[in-house]
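# Examining the three-dimensional arrangement
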Amino acid sequence: MFKIKFFCPRWGSESIPWDEFLCSVKEAGYDGIEWFPFAEKCNYQEVLDLLYYYNLDFCMVMAVMQPYNGYQNYIAALENDLNELMKIKDEKKAPLFLSAQTGREFFTDDEIKGCLQLCDEIQEKYSIPIYQETHRNKWSYAAHIVGPVLEKNKSVQLTFDVSHWFCVSESYLEDQQKAVNEAINHTRHIHARVGHLEGPQVWDPANAEYAEALQQHLVIWDKCVALAKQKNRNYISFTPEFGPPPYMIKGNREISCLKEQWRLNLWMKDFLQHRYQSE
């Protein structure tokens, strides 16, 4: 039976004790969490045990965080980080997949190819899929770059965050539909953050002023879900990924950024859950 899985981001909630965080995630109706282990110090085994206790799935995200000088240093760091992350599992809990923010926007075609080949080798070694995340600052920063790469590499799978592409292009990609459709064909996971033409995150996706931006995202997400069903896949997954400051604009509001981020992501999860489960 086809299922849509929803993952709660750990991003922004690193200050919350893991037991408290996972209890809230479970009570909110998420299927699991999206976790960047290198973003905080913790006992990985304790986290795995808690995920098992709460019966929650998990996926991981990564980007090379340490300084590097040149492509050869970068690819060595990427290999090291991927290998370390793939070891975060036990006989009870393993990641469903890893979303990798790889390369840089200025990498050459050969350097991008090297990143993809390395990811292929690592995912085959550990039998855990690695999805390429579309993201500003990475090789996958824009539709016109990613489209041709996907045409040549049919095995590449994406974590699709189209909010970055809208922002980079300052358009809803009306004249780049070939690349968008190619990305949809390769999508396995979706980062459901609503961006706009001048930024990757709106103030509040429920606000009327952002109705067009929300609708443009939904057009793409609907196609991703429909294709996953058509292909008879077991599931497609979403992470509502509204982030903390500076993604979130606090302005002069007297709010808790932690609570506001939680509210936005829960709104997005509930909205999409109703949209797709009522079909």
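Structural notes, computed from the coordinates. (Residues numbered from 1 in each chain as written. Predicted model: local features only at pLDDT ≥ 70, side-chain atom pairs only at ≥ 80, totals over all residues. Heavy atoms only, no water.)

### Some remarks on the overall build of the protein
Looking only at helices and strands, one finds nine helices and eight strands in the protein. If you line up the protein on its principal axes, its C-alpha atoms span 45 × 45 × 45 Å. Taken across its 279 residues, the protein has 54% of its residues classed as buried. Considering only intrachain contacts with a sequence separation of at least 6, the fraction spanning at least 24 residues in the protein is 78%. Total accessible area computed for the protein in this model is approximately 13,000 Å², and 49% of it derives from carbon and sulfur atoms. (Helix = DSSP H or I, 4+ residues; strand = E, 2+ residues; numbered from the N terminus. Buried < 20%, exposed > 50% of the residue type's maximum accessible area, 1.4 Å probe, protein only. Contact = heavy atoms within 4.5 Å. Areas by Shrake-Rupley, 256 points an atom, 1.4 Å probe, with all protein chains shown as cover.)

### Comments concerning the pattern of salt bridges
Enumeration according to the criterion identifies 15 salt bridges in this entry. A salt bridge links Lys93 to Asp57; the nearest nitrogen and oxygen atoms lie 3.8 Å apart. Taken together, the residues span a long stretch of sequence, with Lys93 in the loop between helix 3 (71-86) and strand 4 (98-101) and Asp57 in strand 3 (residues 57-63) at a distance of 36 residues. With a relative accessible area of 8%, Lys93 lands in the buried category. Exposure remark for Asp57: the relative accessible area of 21% places this residue in the partly exposed category. (Salt bridge = Lys/Arg side-chain N within 4 Å of Asp/Glu carboxyl O.)

### Observations concerning helix 4 (residues 109-126)
Along its 18 residues, helix 4 runs 26 Å from first to last C-alpha, staying within 8% of the 26 Å computed at 1.5 Å per residue. Within helix 4, the full set of buried residues consists of Ile112, Gly114, Cys115, Leu116, Leu118, Cys119, Ile122, Gln123 and Tyr126. On its buried face, helix 4 sits against helix 3, strand 5 (130-133) and helix 5 (143-152). Trailing helix 4 by a residue or two, Ser127 shows a phi angle of about 60°, which is positive. (Expected span 1.5 Å × (residues − 1).)

### Comments concerning the nonpolar core
If you look at soluble globular proteins, the nonpolar side chains tend to sit buried side by side. Within the largest apolar cluster, 82 residues are counted, with the highest numbers of intra-cluster contacts made by Ile33, Leu78, Ile220, Trp221, Phe238 and Leu272. No other element matches helix 8 (residues 211-230), which puts nine residues into this core. When neighbours within four sequence positions are excluded, Phe238 is seen to be in contact with Ile4, Lys5, Phe6, Phe7, His189, Ile190, Ala192, Trp221, Val225, Leu272 and Tyr276. (Core = buried A, V, L, I, M, F, W, Y, C linked by side-chain atoms within 4.5 Å.)

### Looking at helix 2 (residues 44-53)
Every buried residue of helix 2 is accounted for by Val47, Leu48 and Leu51. Looking down the long axis of helix 2, one finds its buried residues gathered within 100° of arc, a one-sided arrangement. What points out from helix 2, more than 90 degrees from its buried face, is the exposed set Glu46 and Tyr53. Along its buried surface, helix 2 packs onto helix 1 (18-27), strand 2 (32-35) and strand 3. The opening residue of helix 2, the one whose side-chain oxygen lies 3.0 Å from the backbone nitrogen of Gln45, is Asn43. One or two positions beyond helix 2, positive phi appears at Asn55, with a value near 55°. (Arc of directions from axis to C-beta. Polar contact = N/O pair within 3.5 Å; in protein donor to acceptor, adjacent residues only side chain to side chain.)

### Structural notes on the side chain of Asp161
Here Asp161 is to be found in the loop between strand 6 (158-160) and helix 6 (162-169). Residue Asp161 is classed as buried on the basis of its relative accessible area, which comes to 0%. In contact with Asp161, other than residues within four places in its own chain, are Thr134, His191, Arg193 and Glu241.

### Comments concerning the packing of aromatic side chains
Under the counting rule described, the total for this entry stands at 20 aromatic pairs. On the basis of an interplanar angle of 90° and a centroid distance of 5.2 Å, the ring pair of Trp11 and Tyr247 is categorised as edge-to-face. Taken as a pair, Trp11 in the loop between strand 1 (3-9) and helix 1 and Tyr247 in the loop between strand 8 (235-239) and helix 9 (257-277) lie far apart in primary sequence, 236 residues in all. The partly exposed category is assigned to Trp11, whose relative accessible area is 30%. (Phe/Tyr/Trp six-rings, centres within 6.5 Å; stacked < 30°, edge-to-face > 60°.)

### A word on empty space enclosed by the protein
Counted according to the given criterion, the structure contains two cavities of 30 Å³ or more. Taken as a whole, the largest cavity encloses approximately 60 Å³ of empty space. Looking at the largest cavity, the residues that line it are Leu116, Cys119, Asp120, Gln123, Ile130, Gln132, Ser155, Val156 and Gln157. Contributing elements (two or more residues each) for the lining of the largest cavity: helix 4 and strand 5. Top element by residues in the lining of the largest cavity is helix 4. It accounts for four residues. There is about 30 Å³ of room inside the second largest cavity. (1 Å grid on protein atoms, 1.4 Å probe; cavity = no way out; pocket = protein on both sides within 12 Å on 5 of 7 lines; lining within 4 Å. Points joined across faces, edges and corners; volume = space filled by probe spheres on them.)

### Here we look at unusual backbone geometry
Look at the link from Pro245 to Pro246: it is a cis peptide, with omega at 5°. Phi is positive for Asn55, close to 55°, though the residue is something other than glycine. Tracing the backbone through its elements, the reader meets Asn55 in the loop between helix 2 and strand 3. One non-glycine residue, Glu170, lies in the positive phi region at around 50°. Mapping Glu170 onto the fold places it in the loop between helix 6 and helix 7 (177-186). Using a relative accessible area of 47% as the deciding quantity, one classes Glu170 as partly exposed.

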